[in-house]
2 protein chains.
Amino acid sequence: MTVPPLTRIVQALPDTVPFVAPETLERRSGIRIRARVGANESSFGPSPKVIRAMQDAAHSVWQYGDPEMLELRAALAAQLGVPLPSIVVGEGIDGLHGLIARLLIEPEDVAVTSLGAYPTFNYHVAGFGGRLVAIPYTADDREDLGALAAAARRERAKVVYLSNPDNPMGSWWDRSNLQQFLDSVPEDTLVLLDEAYSETAPAEALPPLLPLRPNLLRTRTFSKAYGLAGMRVGYAIGDPGMIRAFDKVRNHFGVTRLSQLAAVEALKDDDYLRKVVAQVADGRGRLAAIAADNGLAALPSATNFVAIDCGRDGTFAMRVLEQLAARGVFIRKPMAPRLDRCIRISVGRPEELDVVAEELPKALREAL
Amino acid sequence: MTVPPLTRIVQALPDTVPFVAPETLERRSGIRIRARVGANESSFGPSPKVIRAMQDAAHSVWQYGDPEMLELRAALAAQLGVPLPSIVVGEGIDGLHGLIARLLIEPEDVAVTSLGAYPTFNYHVAGFGGRLVAIPYTADDREDLGALAAAARRERAKVVYLSNPDNPMGSWWDRSNLQQFLDSVPEDTLVLLDEAYSETAPAEALPPLLPLRPNLLRTRTFSKAYGLAGMRVGYAIGDPGMIRAFDKVRNHFGVTRLSQLAAVEALKDDDYLRKVVAQVADGRGRLAAIAADNGLAALPSATNFVAIDCGRDGTFAMRVLEQLAARGVFIRKPMAPRLDRCIRISVGRPEELDVVAEELPKALREAL
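Conventions we followed
Residues numbered from 1 in each chain as written. Chains lettered and ligands numbered in written order. Predicted model: local features only at pLDDT ≥ 70, side-chain atom pairs only at ≥ 80, totals over all residues. Heavy atoms only, no water. Helix = DSSP H or I, 4+ residues; strand = E, 2+ residues; numbered from the N terminus. Rg over C-alpha atoms; globule rule 2.2 N^0.38 Å. Buried < 20%, exposed > 50% of the residue type's maximum accessible area, 1.4 Å probe, protein only. Contact = heavy atoms within 4.5 Å. Areas by Shrake-Rupley, 256 points an atom, 1.4 Å probe, with all protein chains shown as cover. Lys, Arg positive; Asp, Glu negative; His and termini not counted. Charge placed at Lys NZ, Arg CZ, Asp CG, Glu CD. Axes fitted to C-alpha atoms, helices over the stretch in contact; angles between N-to-C directions. Parallel < 35°, antiparallel > 145°, perpendicular 65-115°, else oblique. Left-handed = near helix turned anticlockwise from the far one by under 90°. Nonpolar A, V, L, I, M, F, W, Y, C, P; charged D, E, K, R; others polar. Least-squares fit on C-alpha atoms with pLDDT ≥ 70 in both. Salt bridge = Lys/Arg side-chain N within 4 Å of Asp/Glu carboxyl O. Polar contact = N/O pair within 3.5 Å; in protein donor to acceptor, adjacent residues only side chain to side chain. Phe/Tyr/Trp six-rings, centres within 6.5 Å; stacked < 30°, edge-to-face > 60°. Lys NZ or Arg CZ within 6 Å of the ring centre and 35° of its normal.

J.: Could you give me a rundown of the overall build of chain A, with the residues and numbers involved?
T.: Counting its secondary structure elements, chain A contains 13 helices and 12 strands. What you see for chain A is a C-alpha radius of gyration of 20 Å, in line with the 21 Å of a compact globule of 368 residues. Principal-axis analysis of the C-alpha atoms places the extent of chain A at approximately 60 × 55 × 55 Å. The buried share of chain A, taken over its 368 residues, is 64%. The contacts in chain A between residues at least 6 apart in sequence include a share of 72% that link residues at least 24 apart. On chain A, roughly 13,100 Å² of surface is accessible, and the fraction owed to carbon and sulfur atoms is 53%. Of the side-chain charges in chain A, 42 are positive and 45 negative, and the distance between the mean point of each set is 2 Å.

Structure (structure tokens):
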């Protein structure tokens, strides 16, 4: 007797998962992580006011959270200056990616992305039977706007994914380039603009939110600068017609009560956000200096991480990652051709970057 | 310019959502809810130890939760006496329902359920293009095991849903009836046995967990007796071959860090669980007495709510619900034919049931 037959799409899916977690790596290796600088979390943590609000509300979690998430959506709408019906909140951008793929992708439909871009988007596209077309990055490690738009047109893509600022390279495009890109994507292709790192980005990297474009959906998150990765709150901003569709498929009660409350409080503490953004900028400088001390080049970054060019090929950079892991430094690295020469280090707290500064020279030596 | 075309399945979906939340009702009516006894939440709250653990860990939420949820799954496996690979954790049973529908349902595939059973299951089946076959309850307000199994055979159903104890009626079947039901469902139909109310159920209502059956998946939750509805933690127990499939489609980081930790702590505090279960039993007795005081009959219940037969038709019972709502008492009611003669009241705290006792006679008078 075997289990009942799964759908044809599911049967064809591989067993791979988008990310192996630091907890899993620790369990496998038995090596304690001393610097958790691989998942672009914010080691600075959430605002103390957010922590206090969560503590004060911990007794109330017997109640389901508001499935309309009205308070949070209203706070976002007010802060961003966009209409309430243009915002949907979900269980992190990852959760929203799953819903977006479900809303748009039928088997064999095409999604365009960059070769080496965010794997969870790819996971969800494949999960609904879609076909991925992946465009190599430009020679200066940016997503190739012209080629992405051309592929969207050529493939009659249902969706084209762009992260700006980019993960994993940290690069970004400015408004005028983005505007040109948006204008060159067909109207019936959704542009999924992932702005997970918007808070640390320069203003020039963020096109105006208004007017809303019917074929543009922008995703943002409380997981990065707001320090709430573990609470799973992401949101998307788009045309109300598109946003309404999420209500037909989402897990209405899926965002926890404490997550909603934490996000609302986080939005109120602008001073703390500014402080974190400044600390992140300092940390990027520190990582660039650490790279330089080791004869390596740090790539410019508008995010809370820095890609460091290890100066050789992908095999070498992978050995550097492994040597760092053996020393309790958890990082990740790009895997696509050419990008794979780099390692990616998140801006941790100063004491974590001390560990990086101490261990990187040894790792580089051992990797040779 | 319109939004890009959605999938054919999504385009055909209605705009309805499974539940209107108490927050929404409050916003619409402007009437403050004095007794929140409509969503089968546990007003007794989670264990004080769980609250303290969440408060102590609030600072750590900048870290993503463990996507493998190993600590929680190991604690569940130990407590339930089942193998670790037979457990998957998700964002509430609702979240798991979405994944189960996705794993099994292709367009036009059939899911069998009871007419008036849990609407979120129906929502997800429809959400993947499935066709629902709904079987009326028996004359004594139980799900009709024989007719459900017969429909599964006749329709070559991909999944048959059974909640035991039942929501919304509170009724239950014993092990031998359930065993007979399981034996009469085809091997290639998944039995989705929803045991959200297992903690308040008599032992006779819960078939042994072992041996695992390849076509049986049982769902349970921390939302009810454990008092963690707002934290979204549900789990399913099944054949490891079936459980593995969830990893191909789930939102791996979707369960929050605090939710995982709260669930682990909740499992440790058996004394508190026993206390809540006793309070729930008292509350059911109190609700039965309130019903009797008003000349109404409470149905037997193995859950944390009681269905009360209002003695007339569905229109009358709906007026009772509306009259209670106007008095700040939030309840829900079954809507299917014949079941709709009832209202459903969750076991709230004694002071909430005082409000019910005070307002029900007035509501009944006004509803006449």
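Let us keep going from here.
J.: Explain the packing of helix 4 (residues 70–80) of chain A against helix 10 (residues 257–268) of chain A to me, and be specific about the residues and the numbers.
T.: All names here are of chain A. The geometry of helix 4 relative to helix 10 is characterised by a closest axis approach of 9 Å and an angle of 25° between their N-to-C directions. Here helix 4 lies roughly parallel to helix 10, going by the angle between them. The hand of the helix 4/helix 10 crossing is left-handed. Contacts between helix 4 and helix 10 involve Glu71, Leu72, Ala75, Leu76 and Gln79 on the former and, on the latter, Gln260, Ala263, Val264 and Leu267. The class makeup of the residues in the contact of helix 4 with helix 10 is 6 nonpolar, 2 polar and 1 charged.

J.: So what's going on with the relation of the copies chain A and chain B? Which residues, and what values?
T.: For the match of chain A to chain B, the screw axis carries a shift of 0.0 Å, the RMSD comes to 0.0 Å, and the turn is 180°. Taken together, the rotation and translation relating the two chain copies correspond to the operation of a two-fold axis. No C-alpha of chain A approaches the rotation axis more nearly than that of Gln55(A), which lies at 2.3 Å. Looking at chain A, 100% of its interface residues are interface residues in chain B too, so the copies touch through the same face.

J.: With reference to specific residues and values, describe the interface of chain A and chain B.
T.: Taken residue by residue, the interface counts 85 residues in chain A and 85 residues in chain B. Between chain A and chain B we count 8 salt bridges in total. A salt bridge links Glu23(A) to Arg257(B); the nearest nitrogen and oxygen atoms lie 3.8 Å apart. Where chain A touches chain B, the interface holds 47 residue pairs in polar contact (both at pLDDT 80 or more). Residue assignment for the side of chain A that touches chain B shows that the elements contributing at least two residues are helix 1 (8–11), helix 2 (22–29), helix 3 (48–57), helix 5 (92–104), helix 6 (119–127), helix 9 (240–246) and helix 10 of chain A. For the side of chain A that touches chain B, the leading source of residues is helix 5 of chain A, giving 5 residues. The class makeup of the residues in the side of chain A that touches chain B is 37 nonpolar, 25 polar and 23 charged.

J.: An account of the packing of aromatic side chains is needed here, citing residue identities and associated values.
T.: If you walk through the whole model with that rule in mind, you get 12 aromatic pairs over all chains. Ring geometry for Phe121(A) against Tyr161(A): centres 4.8 Å apart, planes inclined by 20°, an arrangement best described as stacked. Of this pair, Phe121(A) sits in helix 6 while Tyr161(A) sits in strand 5 (residues 159–163), and the two are 40 residues apart along the sequence. Each member of the pair, Phe121(A) as well as Tyr161(A), is classed as buried. Between Tyr197(A) and Phe305(A), the ring centres sit 5.3 Å apart and the planes meet at 80°, which makes this aromatic pair edge-to-face. With a gap of 108 residues between them, Tyr197(A) in the loop between strand 6 (190–194) and strand 7 (216–221) and Phe305(A) in strand 10 (residues 305–309) connect regions that are remote in the sequence. Of the two residues examined, Tyr197(A) and Phe305(A), each falls in the buried class. Within the aromatic cluster, the residues linked to one another by ring pairs are Phe222(A), Tyr226(A) and Tyr235(A). For Arg142(B), the ring lying beneath its charged end belongs to Trp173(B), and the centroid distance is 3.8 Å. A cation over an aromatic ring shows up here: Arg344(B) above the ring of Phe305(B), its NZ or CZ 5.3 Å from the ring centre.

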